[in-house]
Protein chains: 2
Amino acid sequence: MIRKILIIGGVAGGASAAARLRRNSEEDQIIMFEKGPHVSFSNCSLPYHLSGIIKEAEDLVLMNPELFLKQYNIDARVNNEVIAIDRKNKSVIVKNILSGQNYTETYDKLILSPGASPIVPNIPGMENVKVFTIRNVVDIDKLNKFVKQIKLKDIAVIGGGFIGVEVAENLRKAEYNVTLIEGTDQVLRPYDYDMVQIFHKEIVDKGIDLILEDTVIKFEENKVILSSGRKVDANVVVMAIGVSPETRLAKDSGIEIGVTGAIKVDKNYQTNDPDVYAVGDAIEVYHALTHTMTKLSLAGPAQKEARAVADHINNKSTLNKGYIGSSAIEVFDYNGAATGLNESIIKLLDLKVNYDVVRVILTDKVGIMPGAAPMHFKLLFEVPTGKILGAQAIGKGDVTKRIDVIATTIKFGGTLEDLKDVELCYAPQFSTAKDIVNYAGYVGTNLLNKEFKQVNVDKVRELVESNRFIVDVREQGEFAGGHIKGATNIPLSELRERINEIPKDKPVYIHCRTGQRSYNAVLVLQNLGFHNVYNIAGSFLGLSFYEYYNDLRLQRERIVTEYNFR
Amino acid sequence: MIRKILIIGGVAGGASAAARLRRNSEEDQIIMFEKGPHVSFSNCSLPYHLSGIIKEAEDLVLMNPELFLKQYNIDARVNNEVIAIDRKNKSVIVKNILSGQNYTETYDKLILSPGASPIVPNIPGMENVKVFTIRNVVDIDKLNKFVKQIKLKDIAVIGGGFIGVEVAENLRKAEYNVTLIEGTDQVLRPYDYDMVQIFHKEIVDKGIDLILEDTVIKFEENKVILSSGRKVDANVVVMAIGVSPETRLAKDSGIEIGVTGAIKVDKNYQTNDPDVYAVGDAIEVYHALTHTMTKLSLAGPAQKEARAVADHINNKSTLNKGYIGSSAIEVFDYNGAATGLNESIIKLLDLKVNYDVVRVILTDKVGIMPGAAPMHFKLLFEVPTGKILGAQAIGKGDVTKRIDVIATTIKFGGTLEDLKDVELCYAPQFSTAKDIVNYAGYVGTNLLNKEFKQVNVDKVRELVESNRFIVDVREQGEFAGGHIKGATNIPLSELRERINEIPKDKPVYIHCRTGQRSYNAVLVLQNLGFHNVYNIAGSFLGLSFYEYYNDLRLQRERIVTEYNFR
């Protein structure tokens, strides 16, 4: 049976579905409609055109309609917008944008992959500034050409999500004066507040003016006016506060919308109409860890969904195990990766999950190899099962591989014991013999077994303010280079002989540079009968990153004599 | 109860055991004997001193006895060699190498971590050359100082394992004339013959004289004489043909030796004497995939074993799930990583495992991002279960992260379906939205479902010699830049209209550059009624690498007009 399959949208989801449909069947008629002029471009690479990392805008386009036709016998119609779906007659109305003419195409199966569009709120004075949004090659080309010709190089980026941060970074690399404005107290929600401070520091260190907890109330002539009263110069404004799934076509034709406002689909990505499938940023998917429906604007899942749809149409069985949302980002010299749950999601969704947190720092390769740098790692696990729930890693080195291992472990329902045990590839230029993943497994198991107690760096200010007994077990020279105000310096190497300096009758909080020596010190004390001892997770290095930007932003008194970021 | 625990050997296994023992108990007396002058040095980093990547030999030493004492209260005795074990009296005889004096220490528990020593065969004429082996900091320092002062810069490295290749590479980087001599037909056994050719090419391209399938029969004055009759100039010879577990102490004291010739241990790394444990390169471990005992000279497992022993001594339960042997190596511009089974191990051990192979090539990041390069990937899976058995990856980019994901998957007994499904961290500078790991899962599933057939690049010479019908579906320009002799060029983009040029009555072999277009072509043909169609796994890029060095070495006629390595 030869079928006619229509696809609405020609980027990640649509193009993947089309190619897989053709591999499954040589006979089916496959038509892909894209309202823009390009199909199959690299969405996630768009911001890199602004810095010139990707020189030509056209390089962002990976395939063209001619190749789709010749290589795959797929009719890819760019500049053709589907404006209505008639489910009763199994047809769509298409507007040829160039000719202005409308026409009808019937279908046996219809796949919706319309994506999500940037949200542009109605802010007074919009006419006073040049506002851009970024969704496709045309948008980025337009923005890039515009900024190239402006004389005053002040640009405001509104929104601190992936796109906002990447656009700000690439514009900054191209030497614009960039202000990044975010309404909440942090950028990049996949990272918890304690971890994200590393990015905050990097963003301001690289010369971006980062404004948090402030919102745009209006625009004046080349100015953004914030609710704090602050006025930000902006010859260009990039609006990146978020995206909204494209659901109009679906809604208008009676396709069901889910709880998140995105298109509702079943296990096989079928909508309430079994001849209509939907994939990509326009749909909601099942989150395997929160057990709720969620919107994921990620390319990997879109491609996986598309393939599943093409297979389902061809009667091949597919699995749907839900999603956990793995992602990665580069912020100047730092890389970040995250997967699964983080503490903010747990709070936001009020998830009834009993968890604890490992927060460790280890070099990403053997310390004596060139380029070795500390990696900051945070792992969430379920109590008392030890089941891995999520992780975040930030550092100058290869963080994605560590989070990929965690994502794989989560997939299999793995535990802390599994992380201890997993055999990773080791050579001194790639990792350490005991990788941070193994190390996190060890620390987590010790926590789960209550072999020691910890407090996180975000609690240290409180400790200092309430005059708690903090012991810094680094060597004297390290202490001199910056330390917590009021901390007592007893190097690990002198701990046993100076044990009398530590009180037994009150809580003791111990740190070193990264947490390894202090962990040893905690155990020494516990083994010697001290029972109220805490390791400061994140230690002095983590604390320096944690405090730096907040001290700057809130203009508050430091709790350390000097930060130390090495 | 205060115990006295002695440890023989102070590198990876010994030092890790000592530190963990102290964390477990503050009271135990812990003495670590090391016959050399250093404890706790970075074994795997030794070769990098030769190129100056690690400038000072002393940088290789990570800890010293003073620090062990002060930080961990561990008595680390360097230059102290244990020369006998008296199990009946639970004591050891130790020789202080500096004073020449022997003394006795008793123990409650004894941990053997003596490592493995380089094998130096008895080859005639040894006195005619300056022979070095590499095991520790003293060795590498000695070699480095010697080569720095020689006038004639010819060095022969004998043995193509990890150490041989890394030593050859680092000496070459320091601009010596290096000959690497290996007795078998390939270096680096964790990589199969088809994959390792990429390394062979890189080794010769970077100016090392690589000699395979040849052995040393004698040495003459600054010359190595090979069984082929070849004479190799060598002012220095580095012997790296392999290592032998240090079992003398164990044997002499009646500790049981296993089938591989290494020390036999149980699940908890206890020897036949429950008060004597053994870890590291001196022991044999259970291979979770071959189900046999094996010797692993890897730092990660040594550390894991050491920790398990320290925990077992302290009545903590530990798991032993066997090992799969993950490893990584850098060979000039190429990185390699491998885990689990490969085809040579299966053949060598005559394992009764029914398996098939995925061989794919994909860029390591989005093609338009700077530095994107092809990654060569080989995956072994069990038939018919799809269970993952092993993988190898070689490329200029981040291969270790892909093999880490496979190693994690193997740990959980995962299958091809799991690889399809795993959600990895994606951003265009780190990977592709569908990563090569997912892609290999898809290809493997298709193979398992018999949706297409394949032959590997190592069979192409046979195909050419027997005049098989080979179709090159790359574009004309690509074909002109180098192709298989006798192949018919029908670009994928012209395939449907030129279908009549392809015979239906004989087998058809299809390739493109990396295998993606040819896979599409295979499906087109199959869907159009051709039933004897094969995809050439590895495609033209893989073929070029596969043939290059063998053509050079065997001085045989090329089966391609020109290689193409891009």
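Remember, it's a predicted structure, so these values are computed and weren't measured experimentally. (Residues numbered from 1 in each chain as written. Chains lettered and ligands numbered in written order. Predicted model: local features only at pLDDT ≥ 70, side-chain atom pairs only at ≥ 80, totals over all residues. Heavy atoms only, no water.)

Undergrad: Hey, could you go over the overall build of chain A for me, with residue numbers and the actual values?
TA: On a plain count of helices and strands, chain A comes out with 15 helices and 30 strands. For chain A, the C-alpha radius of gyration of 27 Å lies close to 24 Å, the compact-globule estimate for 566 residues. Scored against the burial criterion, the 566 residues of chain A give a buried share of 61%. Approximately 21000 Å² of chain A is accessible, and the part contributed by carbon and sulfur atoms is 49%. Side chains of chain A give 68 positive and 71 negative charges; the mean places of these two sets differ by 1 Å. (Helix = DSSP H or I, 4+ residues; strand = E, 2+ residues; numbered from the N terminus. Rg over C-alpha atoms; globule rule 2.2 N^0.38 Å. Buried < 20%, exposed > 50% of the residue type's maximum accessible area, 1.4 Å probe, protein only. Areas by Shrake-Rupley, 256 points an atom, 1.4 Å probe, with all protein chains shown as cover. Lys, Arg positive; Asp, Glu negative; His and termini not counted. Charge placed at Lys NZ, Arg CZ, Asp CG, Glu CD.)

Undergrad: Could you give an account of the sheet that holds strand S9 (residues 131–132) of chain B, with specific residues and numbers?
TA: Residue and element names in this part refer to chain B. Taken together, the five strands give an open sheet; going across it, the order is S9-S16-S10-S11-S12, and neighbouring strands pair in parallel fashion. At either end of the open sheet lies a strand with only one pairing partner, and these are S9 and strand S12 (209–211). Bridge count between strand S10 (residues 154–158) and strand S16 (residues 236–239): four bridges; the pairing is parallel. What sits directly across from Ile155, in S16, is Val236. Contacts from helix H3 (residues 137–149) reach S9, S10 and S16 within the one sheet, and its direction differs from that of S16 by about 160°. (Pairing = 2+ DSSP bridges. Contact = heavy atoms within 4.5 Å. Axes fitted to C-alpha atoms, helices over the stretch in contact; angles between N-to-C directions.)

Undergrad: Describe the interface of chain B and chain A, and please don't skip the residues or the numbers.
TA: At the junction of the two partners, chain B supplies 85 residues and chain A supplies 85 residues. The contact between chain B and chain A buries some 7400 Å² in all, and 55% of this surface belongs to carbon and sulfur atoms. For the interface between chain B and chain A, the tally reads 12 salt bridges. Taking the shortest distance from any N to any O, the salt bridge between B:Lys316 and A:Glu451 comes out at 3.2 Å. Along the contact surface separating chain B from chain A lie 26 residue pairs in polar contact (both at pLDDT 80 or more). Its residues assigned to classes, the side of chain B that touches chain A comprises 37 nonpolar, 22 polar and 26 charged. (Buried area = accessible area lost by both parts, 1.4 Å probe. Salt bridge = Lys/Arg side-chain N within 4 Å of Asp/Glu carboxyl O. Polar contact = N/O pair within 3.5 Å; in protein donor to acceptor, adjacent residues only side chain to side chain. Nonpolar A, V, L, I, M, F, W, Y, C, P; charged D, E, K, R; others polar.)

Undergrad: Pulling in residues and values, what's your account of the sheet that holds strand S10 (residues 154–158) of chain A?
TA: Sheet strands line up and pair through hydrogen bonds in the backbone, either parallel or antiparallel. Residues and elements named next belong to chain A. One open sheet holds the five strands; their spatial order is S9-S16-S10-S11-S12, and the pairing between them is parallel. A strand with exactly one partner marks an edge of an open sheet, and here the two such strands are strand S9 (131–132) and strand S12 (209–211). Note that S9 and strand S16 (residues 236–239) share two bridges and pair parallel. Pairing of Phe132 across the sheet is with Val238, part of S16. Running at roughly 160° to S16, helix H3 (residues 137–149) makes contact with S9, S10 and S16 of the sheet.

Undergrad: I'd like a description of the packing of helix H1 (residues 12–24) of chain A against helix H7 (residues 299–313) of chain A, backed by residues and values.
TA: Residue and element names in this part refer to chain A. Axis separation between H1 and H7 bottoms out at 8 Å; the angle between their running directions is 35°. For the pair H1 and H7, the sense of crossing is right-handed. Here Ala12, Gly13, Ser16, Ala17, Arg20, Leu21, Arg23 and Asn24 of H1 lie close against H7, whose contacting residues are Ala302, Gln303, Ala306, Arg307, Ala310, Asp311 and Ile313. Residue composition of the contact of H1 with H7, grouped by class: seven nonpolar, four polar and four charged. (Left-handed = near helix turned anticlockwise from the far one by under 90°.)

Undergrad: Give me helix H5 (residues 193–205) of chain B: which residues, what numbers.
TA: Residues and elements named next belong to chain B. Here H5 is 13 residues long and its end C-alpha atoms lie 18 Å apart, about the 18 Å a rise of 1.5 Å per residue gives. Most of H5 is tucked away, with 11 of its 13 residues classed as buried. Residues of H5 that are buried: Asp194, Met195, Val196, Gln197, Ile198, Phe199, His200, Lys201, Glu202, Ile203 and Val204. (Expected span 1.5 Å × (residues − 1).)

Undergrad: Any chance you could break down the relation of the copies chain B and chain A for me, citing the residues and the numbers?
TA: Superposing chain B onto chain A requires a rotation of 180° together with a translation of 0.0 Å along the rotation axis, leaving an RMSD of 0.0 Å. As the rotation angle and translation indicate, the two copies are arranged about a two-fold axis. Identified as the residue of chain B closest to the rotation axis by C-alpha distance is B:Lys401, at 2.3 Å. Interface overlap between copies: 100% of the residues of chain B at the interface are likewise at the interface in chain A, consistent with a symmetric, same-surface contact. (Least-squares fit on C-alpha atoms with pLDDT ≥ 70 in both.)

Undergrad: Lay out the packing of aromatic side chains with the relevant residues and their values.
TA: Tallying each qualifying case throughout the model produces 23 aromatic pairs over all chains. Between B:Tyr509 and B:Tyr534, the aromatic rings sit 5.1 Å apart at their centres with planes inclined by 15°, giving stacked as the arrangement. Of the two residues, B:Tyr509 is situated in strand S29 (residues 508–511) and B:Tyr534 in strand S30 (residues 533–537); the sequence distance between them amounts to 25 residues. Accessibility assignment for this pair places B:Tyr509 and B:Tyr534 in one class, buried. Aromatic rings pair up to connect A:Tyr334, A:Phe545, A:Tyr548, A:Tyr563 and A:Phe565 into one cluster. Its end group placed over the ring of A:Phe530, A:Lys504 keeps NZ or CZ at 5.2 Å from the ring centre. (Phe/Tyr/Trp six-rings, centres within 6.5 Å; stacked < 30°, edge-to-face > 60°. Lys NZ or Arg CZ within 6 Å of the ring centre and 35° of its normal.)

Undergrad: Outline the pairing of strand S2 (residues 29–34) of chain B, listing residues and values.
TA: Residue and element names in this part refer to chain B. Taking burial as the measure, the six residues of S2 include five buried ones, the bulk of the element. As paired elements, strand S1 (residues 4–8) and S2 share five bridges and run parallel to each other. Bridged to Ile5 within S2 is Ile30. Each parallel crossover has a hand, and the one from S1 via helix H1 (residues 12–24) to S2 is right-handed. Relative to strand S3 (residues 75–78), S2 runs parallel, the two being bridged by four bridges. Note that in S3 the partner of Ile31 across the bridge is Asp75. (Right-handed = clockwise from strand over helix to strand, strands pointing away.)

Undergrad: Can you break down the state of the cysteines residue by residue, with the values?
TA: All told, the structure shown has zero disulfides over all chains when counted by the stated rule. You can see B:Cys425 has no disulfide; the closest cysteine sulfur is in A:Cys44, sitting 13 Å from it. For B:Cys425, a relative accessible area of 1% puts it in the buried group. (Disulfide = S-S within 2.5 Å.)

Undergrad: Tell me about the UniProt feature "domain: Rhodanese" (unreviewed entry) in chain A, and name the residues and values.
TA: The residues that UniProt annotates with the feature "domain: Rhodanese" (unreviewed entry) are residues 470–548 of chain A. Spanning residues 470–548 of chain A, this segment combines 34% helix with 18% strand, and its end C-alpha atoms are found 20 Å apart. (UniProt positions renumbered as here; feature names shortened; annotations may be inferred.)

Undergrad: If you had to explain the confidence of the model for chain A to someone new, which residues and values would you point to?
TA: Across chain A, the average pLDDT comes to 97, with 100% of residues at 70 or higher. On the interface metric, ipTM, the complex scores 0.97, and its pTM is 0.97. (pLDDT = per-residue confidence, 0-100.)

Undergrad: Report on a nonpolar patch on the surface, specifying residues and quantitative values.
TA: A cluster of nonpolar side chains, contributed by B:Val259, B:Tyr286 and B:Met293, occupies part of the molecular surface with about 290 Å² of accessible area. In this structure B:Val259 comes out as exposed when scored by relative accessible area, which is 74%. (Patch = residues over 30% accessible without salt bridge, like charges linked within 9 Å, V, L, I, M, F, W, Y side chains within 5 Å.)

Undergrad: Can you explain the side chain of B:Thr409? Please cite residues and give values.
TA: Note that B:Thr409 resides in helix H9 (residues 399–411). Classification of B:Thr409 as buried rests on a relative accessible area of 1%.

Undergrad: Explain the environment of A:Glu423 to me, using residue names and the numbers behind them.
TA: Residues and elements named next belong to chain A. Mapped onto the elements of the fold, Glu423 is located in the loop between helix H10 (416–421) and helix H11 (436–448). For Glu423, a relative accessible area of 11% translates into the label buried. Sequence-wise, Glu423 and Lys434 are 11 residues apart; in three dimensions their C-alpha atoms are separated by 9.1 Å.

Undergrad: Any details on H7(A)? Residues and values, ideally.
TA: Residue and element names in this part refer to chain A. Look at H7: 21 Å from first C-alpha to last across 15 residues, which is about the 21 Å you get at 1.5 Å a residue. Of all 15 residues that make up H7, 13 are buried, and the element is covered over most of its length. Looking at the residues trailing H7, positive phi occurs at Asn315, about 60°.

Undergrad: Please give an account of the pairing of strand S25 (residues 388–395) of chain A that cites residues and values.
TA: Residues and elements named next belong to chain A. Most of S25 is tucked away, with eight of its eight residues classed as buried. Here seven bridges tie strand S24 (residues 374–382) to S25, and the two strands are oriented antiparallel to one another. Bridge pairing in S25 links Leu380 to Gly390. Counting the residues in the hairpin turn of S24 and S25 gives five residues, including Gly386, whose phi is positive at 75°.

Undergrad: Hey, could you go over the domain arrangement of chain A for me, with residue numbers and the actual values?
TA: All names here are of chain A. Considered domain by domain, chain A is made up of domain 1 (4–115 + 244–314), domain 2 (126–241), domain 3 (333–449) and domain 4 (454–554). Distance between the C-alpha centres of domain 2 and domain 4: 38 Å. Summing both partners gives a buried area of about 990 Å² for domain 2 against domain 4, and 60% of it is carried by carbon and sulfur. The largest share of the area that domain 2 buries against domain 4 comes from Asp194, Gln197 and Lys201, three residues that together contribute 45% of it. Across the contact surface, domain 2 and domain 4 share one salt bridge. With a shortest N-O distance of 3.1 Å, Arg553 and Glu213 are connected by a salt bridge. (Domains from an automatic or database assignment.)

Undergrad: Got a sec to walk through the pattern of salt bridges? Specific residues and values, please.
TA: Residues and elements named next belong to chain A. Following the criterion strictly, the structure yields 90 salt bridges over all chains and no others. Between Lys35 and Glu246 there is a salt bridge, with the nearest N and O atoms lying 3.4 Å from each other. Taken together, the residues Lys35 in the loop between strand S2 (29–34) and helix H2 (65–72) and Glu246 in the loop between strand S17 (243–245) and helix H6 (248–252) connect sequence positions 211 residues apart. With a closest N to O distance of 3.6 Å, Asp194 and Arg359 form a salt bridge. Highlighted residues: Asp194 in helix H5 (residues 193–205) and Arg359 in strand S23 (residues 355–363), separated in sequence by 165 residues. Pair check on accessibility: Asp194 and Arg359 agree, each one buried. Through salt bridges with shared partners, a single network forms among Asp192, Asp194, Glu343, Arg359 and Lys378.

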